Amino acid sequence: MSLTQRLGSLAPDLGTGKDPNTSKIRLIDIATQSAGLPREVPHKPGPVGDPFAPITRKAFAGWLGENDLLYPPGTGILYSNFAFDLLAIGLSEAAETPYPEILAKHITGPLGMNDTVFELSDDQRKRLMEGHGFDGKALRDVPTGDVIVGSGGLYSTPKDLLRWMQWHLDRLSEKDAEVRMLDHAAYLVRDNLNPVSGMDESGHMDAMSLGWVVMMPEGDRPLILQKAGGLQGTFSYIAFAPTRGVAAFVAINQFDFGAAMLMAEVVNEMITSLAPR
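Thresholds applied
- Residues numbered from 1 in each chain as written.
- Predicted model: local features only at pLDDT ≥ 70, side-chain atom pairs only at ≥ 80, totals over all residues.
- Heavy atoms only, no water.
- Pairing = 2+ DSSP bridges.
- Helix = DSSP H or I, 4+ residues; strand = E, 2+ residues; numbered from the N terminus.
- Core = buried A, V, L, I, M, F, W, Y, C linked by side-chain atoms within 4.5 Å.
- Buried < 20%, exposed > 50% of the residue type's maximum accessible area, 1.4 Å probe, protein only.
- Contact = heavy atoms within 4.5 Å.
- Phe/Tyr/Trp six-rings, centres within 6.5 Å; stacked < 30°, edge-to-face > 60°.
- Lys NZ or Arg CZ within 6 Å of the ring centre and 35° of its normal.

## Observations regarding the pairing of strand 6 (residues 224-231)
No. 1: Sheet analysis places strand 5 (residues 213-215) next to strand 6, joined by 3 bridges and oriented antiparallel. Along strand 6, the bridge assignment pairs V213 with Q226.
No. 2: Relative to strand 7 (residues 234-241), strand 6 runs antiparallel, the two sharing 7 bridges. The partner of G229 across the bridge, within strand 7, is S236.
No. 3: Joining the antiparallel neighbours strand 6 and strand 7 is a turn of 2 residues, in which Q232 adopts a positive phi near 55°.

## Regarding the nonpolar core
No. 1: In terms of nonpolar packing, the biggest core is built from 26 residues, with L14, I30, L37, F60 and L86 touching the most fellow members.
No. 2: Looking at this core, the elements that each hand over two or more residues are helix 1 (7-10), helix 2 (27-31), helix 3 (57-66) and helix 4 (81-95).
No. 3: At 6 residues, the largest contribution of residues to this core is made by helix 4.
No. 4: Every residue in contact with L86, bar those within four places of it in the chain, is listed here: L7, L14, I30, L37 and F60.
No. 5: Ranked by size, the runner-up nonpolar core spans 15 residues in total, among them F235, V246, F255 and A264.

## A word on the packing of aromatic side chains
No. 1: Applying the stated rule across the entire model yields 9 aromatic pairs.
No. 2: Summarising the aromatic geometry, the rings of F134 and F255 are spaced 5.4 Å apart at their centres and angled 35° between planes, so their arrangement reads as tilted. With F134 in the loop between helix 6 (122-126) and helix 7 (158-169) and F255 in the loop between strand 8 (246-252) and helix 9 (257-274), this residue pair connects regions lying 121 residues apart in the sequence.
No. 3: Its relative accessible area of 52% is what places F134 among the exposed residues.
No. 4: Taken together, the ring pairs connect F134, F235, F255 and F257 into an aromatic cluster.
No. 5: Over the ring of W167 we find R180; its NZ or CZ atom is 4.5 Å from the centre of that ring.

## Observations concerning the pairing of strand 8
No. 1: Bridge count between strand 7 and strand 8: 7 bridges; the pairing is antiparallel. Across the sheet, residue A241 finds its bridge partner in strand 8, namely V246.
No. 2: In sequence, strand 7 turns back onto strand 8 through a hairpin of 4 residues, with G245 there showing a positive phi of about 70°.

## Regarding the environment of F240
No. 1: Position of F240 relative to the elements: it lies in strand 7.
No. 2: Considering only alpha carbons, one finds F240 and D191, 49 residues apart in sequence, at a separation of 23 Å.
No. 3: Contact partners of F240, with chain neighbours within four places excluded, come to H168, L169, H184, W212, L223, I224, L225, V246, A247 and I271.

## Some details on unusual backbone geometry
No. 1: Cis geometry is adopted by the peptide bond preceding P195, which originates at N194 and carries an omega value of 5°.
No. 2: By secondary structure assignment, the location of P195 is in the loop between strand 2 (188-189) and strand 3 (196-197).
No. 3: With phi around 70°, N192 is a residue other than glycine that occupies positive phi space.

Written out as structure tokens, the structure reads:
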């Protein structure tokens, strides 16, 4: 595989559509949130116990077949869960292996992230942090299915994420050196991109790495790579300064946009205080 490989070469049903630019979508466009896809694939609400059921590969192909992209790939940036689920499909097709198995084989298994899974065991479910909606009421944990695996549905723990962040901070190690370098590189700079949307809630995006939002050094703040997310009553934020050896993870268990933006601001300020330029 290559970063510039086209998605359609891996998944032909997702490589054609109403817009001729659909065939030009590359893996790097998806990974940098620049594929021209909407945030979510439009769908009807699913049943209470399985709300994400209508989000299927067929629904992805259907949208591509009936709609134009929002902009030509690589010319703008728009946060898209739709895109990252397509990326998981592409990786799965290339490996001829379900995406959760790829993740376990190449990342969570080697790093000993035993609590980072798509399906909880009985013991893990007992330890699950309960999320809450905007009204403060508890939200039931519901399955995300076998399609929403690139954009969400993964459970983890602070201990496991510390292992993952330690891998990122070990940037001069010979082990996995090339993979780490590819992961940390800035591939798409903000300059002259149009539109740019959904990327500044946790700090101004200067460039995009492979899924990471890149914040260039500014004042006392060092280079930071970060990513925020939310699902089922939980908001989380992870950020690290690769050249300074500092990383942080935080999560809150209620949908509160103000609190989510504040927690990211606090983490960014903390990294600046711990590792100033």
